[in-house]
Amino acid sequence: ETGVTQTPRHLVMGMTNKKSLKCEQHLGHNAMYWYKQSAKKPLELMFVYNFKEQTENNSVPSRFSPECPNSSHLFLHLHTLQPEDSALYLCASSQDPGGGAGETQYFGPGTRLLVL
Amino acid sequence: QKEVEQNSGPLSVPEGAIASLNCTYSDRGSQSFFWYRQYSGKSPELIMSIYSNGDKEDGRFTAQLNKASQYVSLLIRDSQPSDSATYLCAVNSPSHAGNMLTFGGGTRLMVKP
């Protein structure tokens, strides 16, 4: 248990559905991240939030829409996804985005998404 | 394009042996280096971080960093079957955001009893 929780753990959705992934960290961290992990591909950073402000969008399609209402919660809103978006979506948090030991990222358990 | 390279494996070692996992990176400006372990179907969990050249030991794990050669390695002594997992190397790439980790593809380790 890393102190980062994600819901739901599994999600099956059609291409016309709208769904949201939720992440919550109980570590008092200031930075939160969304990653995508597809089969046989490295972890891909999608979004970075520092102190609730989005600081990175790693060329992610607009069908993925992040929301960070406060430093403890992060959402990923999904709409009109494609089958190739099926993957494990991981949330992570770190104390300090600026470097040093505080930049260590701790991962949640992930949401396994299947798009039909 | 910042890259982190790992041999995908599988790396097979007998129980009790030393497992050696290697990682190379392309960005000379990288400052922080991390090893994560990921069991099948689970999320990555941090094993070690290293910031300075040389060795850093934590129990059965030793991380080694050589910035001049741009490689970082992880040694696992007295390997156990429970060490069987995929090991991810992650490298900090300084950016205006302050912290972006680039991950390698991972090395799958199999420890045979």
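This is a predicted model, so every value here is computed, not measured.

So, how was this worked out
Residues numbered from 1 in each chain as written. Chains lettered and ligands numbered in written order. Predicted model: local features only at pLDDT ≥ 70, side-chain atom pairs only at ≥ 80, totals over all residues. Heavy atoms only, no water. Core = buried A, V, L, I, M, F, W, Y, C linked by side-chain atoms within 4.5 Å. Buried < 20%, exposed > 50% of the residue type's maximum accessible area, 1.4 Å probe, protein only. Helix = DSSP H or I, 4+ residues; strand = E, 2+ residues; numbered from the N terminus. Contact = heavy atoms within 4.5 Å. Pairing = 2+ DSSP bridges. Axes fitted to C-alpha atoms, helices over the stretch in contact; angles between N-to-C directions. Patch = residues over 30% accessible without salt bridge, like charges linked within 9 Å, V, L, I, M, F, W, Y side chains within 5 Å. Areas by Shrake-Rupley, 256 points an atom, 1.4 Å probe, with all protein chains shown as cover. Salt bridge = Lys/Arg side-chain N within 4 Å of Asp/Glu carboxyl O. pLDDT = per-residue confidence, 0-100. Disulfide = S-S within 2.5 Å. Phe/Tyr/Trp six-rings, centres within 6.5 Å; stacked < 30°, edge-to-face > 60°. Polar contact = N/O pair within 3.5 Å; in protein donor to acceptor, adjacent residues only side chain to side chain.

## With respect to the nonpolar core
Thinking step 1. Formed by 23 residues in total, the largest nonpolar core has its most connected members in B:Trp35, B:Val72, B:Leu74, B:Ile76 and B:Tyr87.
Thinking step 2. Mapped onto this core, the elements with two or more residues apiece are strand E3 (19-25), strand E4 (33-38), strand E5 (45-50), strand E7 (61-66), strand E8 (71-76), strand E9 (85-92) and strand E11 (107-112) of chain B.
Thinking step 3. Residues contacting B:Val72, with those up to four places away along its chain left out, are B:Leu21, B:Asn22, B:Cys23, B:Phe33, B:Trp35, B:Ile50, B:Gln64, B:Leu65 and B:Cys89.
Thinking step 4. Listed in part, the 22 residues of the second largest apolar core include A:Met46, A:Val60, A:Leu78 and A:Ala87.

## Re the sheet that holds strand E7 (residues 64-70) of chain A
Residue and element names in this part refer to chain A.
Thinking step 1. One open sheet holds the 4 strands; their spatial order is E1-E3-E8-E7, and the pairing between them is antiparallel. On the outer flanks of this sheet lie strand E1 (4-7) and E7, each paired with one strand and no other. Looking at each pair of strands side by side, their axes are set apart by 20° on average, direction ignored.
Thinking step 2. Where E1 meets strand E3 (residues 18-25), 4 bridges bridge the pair, whose relative direction is antiparallel. When the bridges of E3 are listed, Gln6 appears paired with Cys23.

## Focus: a nonpolar patch on the surface
All names here are of chain A.
Thinking step 1. Among the surface-exposed residues, Val12, Leu114 and Leu116 lie close enough to one another that they form a single nonpolar patch of about 290 Å² accessible area.
Thinking step 2. By secondary structure assignment, the location of Val12 is in strand E2 (residues 10-13).
Thinking step 3. In this structure Val12 comes out as exposed when scored by relative accessible area, which is 53%.

## As for the confidence of the model for chain B
Thinking step 1. For chain B, the average pLDDT comes to 92, and 93% of its residues sit at 70 or higher.
Thinking step 2. Taking the mean pLDDT of every element in chain B, the minimum, 87, falls on strand E10 (residues 101-103) of chain B and the maximum, 98, on E7(B).

## A short note on the state of the cysteines
Residue and element names in this part refer to chain A.
Thinking step 1. Per the stated rule, a full pass over the model turns up 2 disulfides over all chains.
Thinking step 2. Here Cys23 connects covalently by a disulfide to Cys91, the sulfurs 1.9 Å from one another. An S-S torsion of about -70° defines the bridge between Cys23 and Cys91 as left-handed. Placement of the pair is Cys23 in strand E3 and Cys91 in strand E9 (residues 87-94), with a sequence separation of 68 residues.

## Comments concerning the packing of aromatic side chains
All names here are of chain B.
Thinking step 1. Considering all chains together, one arrives at 9 aromatic pairs over all chains under this definition.
Thinking step 2. With a centroid separation of 5.8 Å and an interplanar angle of 50°, the aromatic rings of Tyr36 and Phe103 are classed as tilted. Separated by 67 residues along the polypeptide, Tyr36 in strand E4 and Phe103 in strand E10 bring together distant segments of the chain. Per residue, the accessibility class of Tyr36 equals that of Phe103, and both read buried.

## Brief notes about unusual backbone geometry
Thinking step 1. Residue A:Pro8 is reached from A:Thr7 by a cis peptide bond, and omega for that bond is -10°.
Thinking step 2. Note on placement: A:Pro8 falls in the loop between E1 and E2.
Thinking step 3. For the peptide bond that leads from B:Gly9 to B:Pro10, omega is 10°, which places it in the cis range.
Thinking step 4. Relative to the elements of secondary structure, B:Pro10 occurs in the loop between strand E1 (4-5) and strand E2 (11-14).
Thinking step 5. One non-glycine residue, A:Thr80, lies in the positive phi region at around 50°.
Thinking step 6. Considering the arrangement of structural elements, one finds A:Thr80 in the loop between strand E8 (73-79) and E9.
Thinking step 7. One non-glycine residue, B:Gln70, lies in positive phi territory at about 55°.
Thinking step 8. Here B:Gln70 shows up in the loop between E7 and E8.
Thinking step 9. Relative accessible area serves as the criterion here: at 11%, B:Gln70 is assigned to the buried category.

## A few points about the environment of B:Ser30
Residues and elements named next belong to chain B.
Thinking step 1. When you line up the elements, Ser30 lands in the loop between E3 and E4.
Thinking step 2. With a relative accessible area of 4%, Ser30 lands in the buried category.
Thinking step 3. Sequence separation between Ser30 and Asn92 is 62 residues; the distance between their C-alpha atoms is 5.5 Å.
Thinking step 4. For Ser30, the side chain forms a polar contact with the main-chain oxygen of Asp27, separated by 2.9 Å.
Thinking step 5. Of the polar contacts made by the side chain of Ser30, one reaches the backbone oxygen of Asn92; its length is 3.2 Å.

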